[in-house]
Each structure stands twice: as structure tokens, then as C-alpha cells.
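# Structural overview for review
Each chain, written out:
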Amino acid sequence: QSNNVEVEVEDKKLEDYDIGKPLGRGKFGRVYLARTKKEHFFVALKTLFKEQLRKDNMAHQLRREIEIQFRLQHKNILRLYDYFDDEHRIFLVLEYAPRGELYEKLKKVGRFDDMKAATYIRQMIAALKFCHENNVIHRDIKPENILLGYHGELKISDFGWSVHAPSQRRNTMCGTIDYLPPEIVLRQRYDHNVDIWCLGVLTYEFLCGRPPFESADMQTTYDHITHVKFSYPNYVSDLAKDFISKLLIFKPENRMQLIEAEKHDWIKQFAITEDDVNYR
Ligand SMILES: CC(C)NC(=O)[C@H]1CCC[C@H]1Nc1nc(Nc2ccc(C(=O)N(C)C3CCN(C)CC3)cc2)ncc1C(F)(F)F
């Protein structure tokens, strides 16, 4: 007969961790470097105040972030290992990204060259393909949501805005509108192609140090987005322009799909893959 082995999965709790230095502040709470007492495994501990979440009506969004990030396991998607709560706070046990925030790097150097940008974009394509295969739209791709792993590899995070495709955004937007595609600005139905548009905006920002539709006031930004009105600085290579112009297309169904994007010459010529790096 089968000997039913009781697998004892102990739920992690706050006392299972040594709390280290604060890594910074997230949208809804502080983030600390932490380490499991038993395995000495480093994690990022994100603390969220229940009162704050309730006031900002963000509990459903947090539930969705937990459900999605807990399930999606991919090397370019920041892992959510566990979550638990106490009387006033919710704790997310997230993957620690040792090389920090990508937008810090971008701000420090101003803009990336073709090789750096294409290497990051190739990893973003892999992560988005995985999300879309799992019927998840991220909807909030931007440099602020990208962290860097031990080897400098890209890790997207912050699935707070992600949903299952297709959907209609309910919550009001917070933060920058630079990354919004026309169909969301015009409050129409949208699908996974919103992430393709954001990939174009992200590529442009990597190469130029600012997003393509950025302007002094929101109304002008809206108009530039809905008319797809943008121009390239003269240092942007022809291959990069060709790549971006196939993503920033008004009609969602006319945008280049991820399987074509990963085979585009700009990626093939400039992206550095692991095989290029690992010596035979
Ligand atoms: C995606 C989301 C929108 N972003 C966030 O949540 C942010 C909000 C706070 C920090 C970050 N969250 C995370 N950060 C890390 N690693 C990390 C971050 C910053 C540094 C760093 O450069 N400093 C401390 C430097 C050290 C030097 N001084 C000068 C500046 C700060 C080094 C490593 N791993 C996991 C997370 C996560 F996501 F799991 F919580």
C-alpha cells in the first residue's frame, strides 16, 4: 500500500527572517533586505499597511498581484516566494534583485547604446511572451518596474496593474501616463497588444533617455499618444528606428508580435545572449 508521507510545509512567518537594511520605499510601503534564519537565503521583504491599502481601495489589486506573481515563474520575472500578515501589515516575500533598479542606471548614464538596450529588450520580450502565454497582460511596463539580478539580468516586477486578457481598466491611473497606449487613453477595450506598445515606448526611452511622447503638460502628451506623434534624435540607428516604428502603431492588431520582435535584425545584431557570454 502507498505509505502516505505527510509533507510538512511550514508557513513562513516574520520570526523566520532576520531583517536587514531598508532597500527603499515602494508605492505602498517599505522594502527591506531580509534573510531566512534557517537557510540564510536572502529575500526582499515588502511591507504594506492594511489601513493604507483599505484607504486607497487597493486590496483587490494587491490580491491580483499576489495571485499573478506567485504563479508566474520565469527568470526575467521577479519571484514572489511567500506572503503572510499580522494585525496591521501584509508582508510579501519577494526575490532580492542584487543589482537594484534599472531606472537608476538609465538616469546615471543618460541613455543606453544599441547593445545594452537590445540586450535588455530581448529579455523583456522573453518575459512578456511568458506572461502572454499565461494569459496575463502586465500593463505597466516602464523602467521603474524593472530590477536587475545578480548577473545584471532583467527582472520585471510590480504586477499590481496586470490583469488577465482582455480587460477594461477600472482603477484611475497613478504615476506617468507616458507609457499609455492609445486604446487605453481612449478608454477602449484592449488586449495583450498594450504590452507591445509599452515595449516600443521602453525601447525608445532606453535609447533616448526619455519616453517618446513626453511633454510639458498631460493634454499634449495625450494628443501625441493618440496621434502617435514622436520623432527620433539623430543618434538613433536605422535598425532601432525600424524596430520601434513597428511597435508604436495606433491599431493594436497591426503591431509587430513578440515572436517577430525577437527575430528582428536590431535584436539579432545587437542583443548579447547568455551563449555569447558563456565561453564554450
Ligand atoms: C519593482 C518595484 C516597483 N520596485 C521596488 O519595489 C523598489 C522599492 C524599494 C527597492 C525596490 N524593490 C526591490 N529591490 C531589490 N533590490 C535592490 C533595490 C535597490 C538597491 C539599491 O540600489 N540601493 C539600496 C541603493 C544603495 C545606494 N544608495 C545610494 C541608493 C540605493 C539594491 C537592490 N530587490 C527586490 C525588490 C522588491 F521589488 F522585491 F521589493
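See the structure shown above.
If you're wondering where the values come from, they're calculated on a predicted model, not measured in any experiment.

How each quantity is defined
Residues numbered from 1 in each chain as written. Predicted model: local features only at pLDDT ≥ 70, side-chain atom pairs only at ≥ 80, totals over all residues. Heavy atoms only, no water. Axes fitted to C-alpha atoms, helices over the stretch in contact; angles between N-to-C directions. Helix = DSSP H or I, 4+ residues; strand = E, 2+ residues; numbered from the N terminus. Parallel < 35°, antiparallel > 145°, perpendicular 65-115°, else oblique. Left-handed = near helix turned anticlockwise from the far one by under 90°. Contact = heavy atoms within 4.5 Å. Nonpolar A, V, L, I, M, F, W, Y, C, P; charged D, E, K, R; others polar. Near = heavy atom within 4 Å. Areas by Shrake-Rupley, 256 points an atom, 1.4 Å probe, with all protein chains shown as cover. Core = buried A, V, L, I, M, F, W, Y, C linked by side-chain atoms within 4.5 Å. Buried < 20%, exposed > 50% of the residue type's maximum accessible area, 1.4 Å probe, protein only. Patch = residues over 30% accessible without salt bridge, like charges linked within 9 Å, V, L, I, M, F, W, Y side chains within 5 Å. Salt bridge = Lys/Arg side-chain N within 4 Å of Asp/Glu carboxyl O.

Time to look at the packing of helix H6 (residues 193–208) against helix H8 (residues 238–245). In a packed pair of helices, the relevant descriptors are the angle between the two axes and the axis-to-axis distance. Orientation of H6 relative to H8, taken along the N-to-C sense of each, is 155°, at an axis distance of 9 Å. In this view, H6 runs roughly antiparallel relative to H8, as classed from their interaxial angle. Judged by the twist between their axes, the crossing of H6 over H8 is left-handed. Only Ala240, Phe243 and Ile244 of H8 make contact with H6, whose side of the interface consists of Gly200, Thr203, Tyr204 and Leu207. Among the residues making up the contact of H6 with H8, the classes are represented as five nonpolar, two polar and no charged.

What follows concerns the site of the ligand. Taken together, 17 residues are adjacent to the ligand, and Val31, Leu78, Leu94, Glu95 and Ala97 come closest. In the complex, 72% of the free accessible area of the ligand, which totals 790 Å², lies under the protein chains. Those elements that place two or more of their residues in the shell around the ligand are strand S1 (17–25), strand S3 (42–49) and strand S5 (89–95). No other element matches the three residues that S1 contributes to the shell around the ligand. Its residues assigned to classes, the shell around the ligand shows eight nonpolar, four polar and five charged.

In terms of nonpolar packing, the biggest core is built from 54 residues, with Ile121, Met124, Ile156, Phe206, Phe243 and Trp266 touching the most fellow members. It is H6 that contributes the most residues to this core, 11 residues altogether. Each residue touching Trp266, except ones within four places of it in the same chain, is listed here: Asp114, Ala117, Ala118, Ile121, Thr203, Leu207, Ser237, Leu239, Ala240, Phe243 and Ala271. If you look at the next biggest cluster of nonpolar residues, it comprises 13 residues, including Val31, Met58, Leu62 and Leu92.

Time to look at a nonpolar patch on the surface. A cluster of nonpolar side chains, contributed by Met115, Ile272 and Val277, occupies part of the molecular surface with about 250 Å² of accessible area. The topology assignment puts Val277 in helix H11 (residues 274–277).

Take the environment of Lys246 next. Relative to the assigned elements, Lys246 resides in the loop between H8 and helix H9 (258–261). For Lys246, a relative accessible area of 36% puts it in the partly exposed group. When the C-alpha atoms of Lys246 and Arg187 are compared, they prove to be 23 Å apart, with 59 residues separating the residues in sequence. Excluding residues within four positions of it along the chain, Lys246 makes contact with Arg255, Met256 and His264.

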